[in-house]
Amino acid sequence: QVQLVESGGGLVQAGGSLSISCAASGRTFSSYTMGWFRQAPGKEREFVAGISWSGGRTSYADSVKGRFTISRDNAKNTVYLQMNSLKPEDTAVYYCAADRTPFRSQPIRRSINEYNYWGQGTQVTVSS
């Protein structure tokens, strides 16, 4: 069992930066690939970034590549998403999620169906 709690969302101007975190409870956090997803009003939840259980591999949606960075600290049971050069279209509720399969091999999954633990979400709003 893994429980996830996001924090750090807020309001930022376009071009600004924001960092959000996801704290996990449960002793098996380091066994799972972690993902960040987002959902804007009226839209489907979409993959943003993922990081392998070891932290050695990352994957990004094309829309955020070069602007967002995902990282994790297994000693602190925490995964982070650093968001730079934010755009109004980045406005959404951001969710962290844990892969349903421990020690998953390549590639990092992007489908929500591959993740079975979810946080409650944190709102990120980018004003123009």
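Just above sits the structure.
The shown structure was predicted, so the numbers you read here are calculated from the model rather than taken from an experiment.

**Describing the pattern of salt bridges**
Under the definition given, this model contains 6 salt bridges. Here R38 makes a salt bridge to D90, at a shortest N to O gap of 2.9 Å. Here R38 is found in strand β4 (residues 34-39), whereas its partner D90 is found in the loop between β8 (78-83) and β9 (92-99), with 52 residues between them in sequence. R38 gets classed as buried once you look at its relative accessible area, which sits at 6%. Among the residues examined, D90 registers a relative accessible area of 1% and is labelled buried. Between D90 and R67 there is a salt bridge; the shortest N-O distance is 2.8 Å. Of the two residues, D90 sits in the loop between β8 and β9 while R67 sits in the loop between β6 (58-60) and β7 (68-73), which places them 23 residues apart along the sequence. Accessibility assignment for this pair places D90 and R67 in one class, buried.

**So, the nonpolar core**
One finds L4, W36, V79, L81, M83 and Y94 to be the most contacted residues of the largest nonpolar core, which totals 36 residues. Elements supplying a minimum of two residues to this core: β3 (18-25), β4, β5 (46-51), β7, β8, β9, β10 (115-118) and β11 (122-127). Per-element accounting of this core gives the leading share, 5 residues, to β9.

What counts and how
- Counting starts from 1 at the beginning of each chain's written sequence and moves along it residue by residue.
- Residues qualify for local features only when their pLDDT is at least 70, as the model is predicted, and side-chain atom pairs are given and counted only at 80 or more; totals for whole chains, interfaces and linings, by contrast, use all residues.
- Only heavy atoms go into the side-chain values, all of them from the structure, while hydrogens and water stay out.
- Note on definitions: salt bridges are taken to be side-chain nitrogens of Lys or Arg within 4 Å of carboxyl oxygens of Asp or Glu.
- Segments assigned H or I by DSSP are reported as helices when at least four residues long, segments assigned E as strands when at least two residues long, and all are numbered from the N terminus.
- The cut-offs for exposure are 20% and 50% of the maximum accessible area for each residue type, with area from a 1.4 Å probe on protein chains only; residues under the lower value are buried, those over the upper are exposed, and the others partly exposed.
- As used in this record, nonpolar core signifies buried Ala, Val, Leu, Ile, Met, Phe, Trp, Tyr and Cys residues forming a set joined through side-chain atoms within 4.5 Å.

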